[in-house]
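Letter by letter, the chains look like this.
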Amino acid sequence: MSKRPSISFAKFAAVESGTAILLVAAEGKVAAEAESVVGPALLSRIIDVSEFKGKLAATLSTIAPAGTELERVILAGAGDPAKLNGDDWLKIGGAALSKIGTAKNVAVVLALPGAGITAENAAEFALGMLLRSYTFDKYKTKKDNGDGEKQEKFAAKITIHVADPQAAKKAFANAEAVAEGVILARDLVNEPANILGPVEFAERVEELKKLDVRVEILTEKDMKKLGMGSLLGVAQGSVRPARLAVMEWHGAKGKDKPIAFVGKGVTFDSGGISIKPAAGMDEMKGDMGGAAAVTGLIHALASRKAKVNVVGIIGIVENMINGDAQRPGDIVTSMSGQTIEVLNTDAEGRLVLADALYYCNERFNPKFMINLATLTGAIMVALGVYRAGLFSNDDVLAGQLFDAGQATGEKLWRMPLGDEYDKLIDTKNADMKNIGGRHGGAIIAAQFLQRFVGGTPWAHLDVAGTAMGSPATEYNQSWASGFGVRLLDRLVRDHFEG
Ligand code: BES
Ligand code: MN
Ligand code: ZN
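Rules used in this analysis
- Residues numbered from 1 in each chain as written.
- Chains lettered and ligands numbered in written order.
- Predicted model: local features only at pLDDT ≥ 70, side-chain atom pairs only at ≥ 80, totals over all residues.
- Heavy atoms only, no water.
- UniProt positions renumbered as here; feature names shortened; annotations may be inferred.
- Helix = DSSP H or I, 4+ residues; strand = E, 2+ residues; numbered from the N terminus.
- Contact = heavy atoms within 4.5 Å.
- Buried < 20%, exposed > 50% of the residue type's maximum accessible area, 1.4 Å probe, protein only.
- Axes fitted to C-alpha atoms, helices over the stretch in contact; angles between N-to-C directions.
- Parallel < 35°, antiparallel > 145°, perpendicular 65-115°, else oblique.
- Left-handed = near helix turned anticlockwise from the far one by under 90°.
- Nonpolar A, V, L, I, M, F, W, Y, C, P; charged D, E, K, R; others polar.
- Phe/Tyr/Trp six-rings, centres within 6.5 Å; stacked < 30°, edge-to-face > 60°.
- Pairing = 2+ DSSP bridges.
- Donors = N, O, S within 2.8 Å, 3.2 Å for Na, K, Ca; no water.
- Tetrahedral: all angles 85-135°; square planar, octahedral: opposite > 155°, others 65-115°.

Caption draft 1: The arrangement of the UniProt feature "active site" (unreviewed entry) in the chain in detail. Listed under "active site" (unreviewed entry) in the UniProt record, and renumbered for this structure, are Lys-276 and Arg-350. Position of Lys-276 relative to the elements: it lies in the loop between strand E9 (259-269) and helix H9 (289-303). Aside from chain neighbours lying at most four places away, what touches Lys-276 is Asp-269, Ser-270, Gly-271, Met-281, Met-284 and Asp-346. You can see Arg-350 is positioned in helix H10 (residues 349-364). Residue Arg-350 is classed as buried on the basis of its relative accessible area, which comes to 7%.

Put into structure tokens, the structure is as follows:
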């Protein structure tokens, strides 16, 4: 079992008991503050004998030398101190945390030779620790961490020693809000679909009211009135009714136009009548990763009281196959008035987003809309699982998003849009069809979305490869990553607050 560590900051001081975590830069170089914990001779002996090179996020755990009250010394590699970015600090924090086991009392000496570590860096290191401590184990009835003893892992009290604890504490308050948002998104994605359907998801969204977020939940009746035939067509094959959740955070003064985030929330995607193959279908419980990221983001922004007006809108449906299920060939009318020939019921995410995006634009006239969706398998063919696809009708917004990706490690890669792709969804039976040809599937899906955003600056992030099932990292060991929360928090922080 694991529990979140509790983290605080203090000025550099002697570490006399418990576990000490020391940073080691490339070539085994250490700061004087680290040397003073066990003495310079002993520390350099530990480093030499273990051949610890200080590679970024490398770790070494060793029993503390005799003659001290310490229990353990953990070395955490930081590579070249001059080259560290925010993502690197998360990795170092995550890697360091992974070594503490069931220790109760941990001190981190956050110092590197020849490098000033900022309060922001300290907060990022701590954020890495928090995110690494996350596990989805609520359905494990035997709370056993594998060593036969029922001790809690990562339940430590961690004191991070820094030069300016006040500043670090302040930066960490924001980081903690972001951590909560990421963890909320991971929890939602990890939750199985029998537990988390559209109604249950909407209930989780309503909990954001505690943070002074305005939440409105539209029912199927409301959506019918609005003419959301595209979204409702997807939902009609499930006994579980659809919901559309609208979250509003007013953190800026006056009537500033809001910025908007829209998410695909398919709580389970069976494919519908165009049913998916059995292998891996379980993963489609995570087909609401975009909606989860939007919810986590709004949670983060509200809990750190971001000075921005934001709207989050998520379309939540289950794509199932009862006797009422949508058929291939059905033609639905979207809220925009545009008609859609549904040639493949498994291309359902775009049908949900068509109405969610149009509604968002009509109702809020936002500065821009960014949607997140586990939209296509094709984006994984194109980019693998290390970058999400970025599609946009606005070069400035695309650039800001790309940069936020590089800074946070939630990386993006821009993909093209264009008339030649747009034509591929024309059909003689309706205004458009929901699939194109064999090639360029991720682009075709993006073209479809673009038909519902008017002239508003817009970006679509295809997170099919990054929201779930992505490889374990130093700061994420769970199936769900929470991808998008840190990225978009960073975008807001860098460009839209103040
Ligand atoms: N939810 C899937 C996309 C997906 C696949 C996400 C794998 C995560 C992992 C989406 O609804 C879908 O089924 N897309 C189809 C579109 C096709 C029918 C045009 C796809 O990608 O195969
Ligand atoms: Mn599908
Ligand atoms: Zn889907």
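And the narrative resumes.
Caption draft 2: Up close: the packing of helix H5 (residues 165-190) against H9. At a minimum axis distance of 8 Å, the contact between H5 and H9 shows a crossing angle of 155 degrees. Between H5 and H9, the interaxial angle falls into the category roughly antiparallel. Relative to H9, the crossing made by H5 is right-handed. In this structure, H5 uses Ala-177, Val-178, Glu-180, Gly-181, Leu-184, Ala-185, Leu-188 and Val-189 to contact H9, whose residues at the interface are Gly-289, Ala-292, Ala-293, Thr-295, Gly-296, His-299, Ala-300 and Ser-303. Looking at the contact of H5 with H9, its residues break down into nine nonpolar, six polar and one charged.

Caption draft 3: The arrangement of the packing of aromatic side chains in detail. According to the stated counting rule, one finds six aromatic pairs in the structure shown. Ring centres of Phe-9 and Phe-172 lie 5.5 Å apart, and the angle between their planes is 65 degrees; on these two criteria the pair is classed as edge-to-face. In this pair, Phe-9 sits in strand E1 (residues 6-11) while Phe-172 sits in helix H5, placing the two residues 163 residues apart along the sequence. Neither residue differs from the other here; Phe-9 and Phe-172 are each classed as buried.

Caption draft 4: The arrangement of the sheet that holds strand E2 (residues 18-25) in detail. Across the sheet, six strands lie side by side as E1-E6-E5-E2-E4-E3; this open sheet has mixed pairing. In this open sheet, the two strands that pair with only one neighbour each are E1 and strand E3 (59-63). Across the sheet, the mean angle separating the axes of adjacent strands is 20 degrees when strand polarity is ignored. Here helix H3 (residues 86-98) sits on the sheet and contacts E2, E3, strand E4 (70-79) and strand E6 (157-162); the angle it forms with E4, its principal contact strand, is near 155 degrees. Packing of helix H4 (residues 119-132) onto the sheet brings it into contact with E1, E2, strand E5 (105-109) and E6, and relative to E1 it is tilted by some 155 degrees.

Caption draft 5: Layout of the coordination of the zinc ion (ligand 3). Taken together, the protein donors to the zinc ion (ligand 3) comprise Lys-264 (NZ), Asp-269 (OD), Asp-287 (OD) and Glu-348 (OE), at separations of 2.0 to 2.4 Å. Coordination at the zinc ion (ligand 3) is octahedral: its six donor atoms span angles of 78 to 175 degrees at the metal. Summarised as a motif, the one-chain spacing of the donors to the zinc ion (ligand 3) is K-x4-D-x17-D-x60-E. The metal-metal distance between the zinc ion (ligand 3) and the manganese ion (ligand 2) comes to 3.1 Å, with Asp-269 coordinating both. Of this pair, Lys-264 sits in strand E9 while Asp-287 sits in the loop between E9 and H9, and the two are 23 residues apart along the sequence. Judged by its relative accessible area of 2%, Lys-264 is buried.

Caption draft 6: Spotlight on unusual backbone geometry. For Phe-154, which is not glycine, the phi dihedral falls at a positive 60 degrees. With respect to the helices and strands, Phe-154 occurs in the loop between H4 and E6. The class of Phe-154 is buried, set by a relative accessible area of 7%. Within the chain, Lys-305 stands out as a residue other than glycine whose phi angle is a positive 50 degrees. Note on placement: Lys-305 falls in the loop between H9 and strand E10 (309-319).

Caption draft 7: Just the coordination of the manganese ion (ligand 2), in detail. Within the protein, the manganese ion (ligand 2) binds to Asp-269 (OD), Asp-346 (O), Asp-346 (OD) and Glu-348 (OE); these donor distances fall in the range 2.1 to 2.2 Å. Geometry at the manganese ion (ligand 2) is irregular, judged from its six donor atoms and the angles of 72 to 167 degrees they form at the metal. Mapped onto the sequence, the donors of the manganese ion (ligand 2) take the spacing D-x76-D-x1-E. When its relative accessible area of 22% is taken as the criterion, Asp-346 is described as partly exposed.

Caption draft 8: The arrangement of the UniProt feature "binding site: Mn(2+) 2" (unreviewed entry) in the chain in detail. Mapped onto this structure's residue numbering, the UniProt feature "binding site: Mn(2+) 2" (unreviewed entry) falls at Lys-264, Asp-269, Asp-287 and Glu-348. A maximum C-alpha distance of 11.3 Å is found for the annotated residues, which run over 85 residues; spatially they form one tight group. Mapped onto the elements of the fold, Asp-269 is located in strand E9. The class for Asp-269 is buried, based on a relative accessible area of 3%.

Caption draft 9: Broad picture of helix H14 (residues 441-450). Within H14, eight of the ten residues are buried, leaving the element largely enclosed by the surrounding structure. Buried within H14 are the following residues: Ala-442, Ile-443, Ile-444, Ala-445, Ala-446, Gln-447, Phe-448 and Leu-449.

Caption draft 10: Spatial organisation of the environment of Arg-350. Considered as a pair, Arg-350 and Val-30 are 320 residues apart in the sequence and their alpha carbons are 52 Å apart. In contact with Arg-350, other than residues within four places in its own chain, are Leu-375, Thr-376, Asn-434, Ile-435, Ile-444, Ala-445, Phe-448 and Leu-449.

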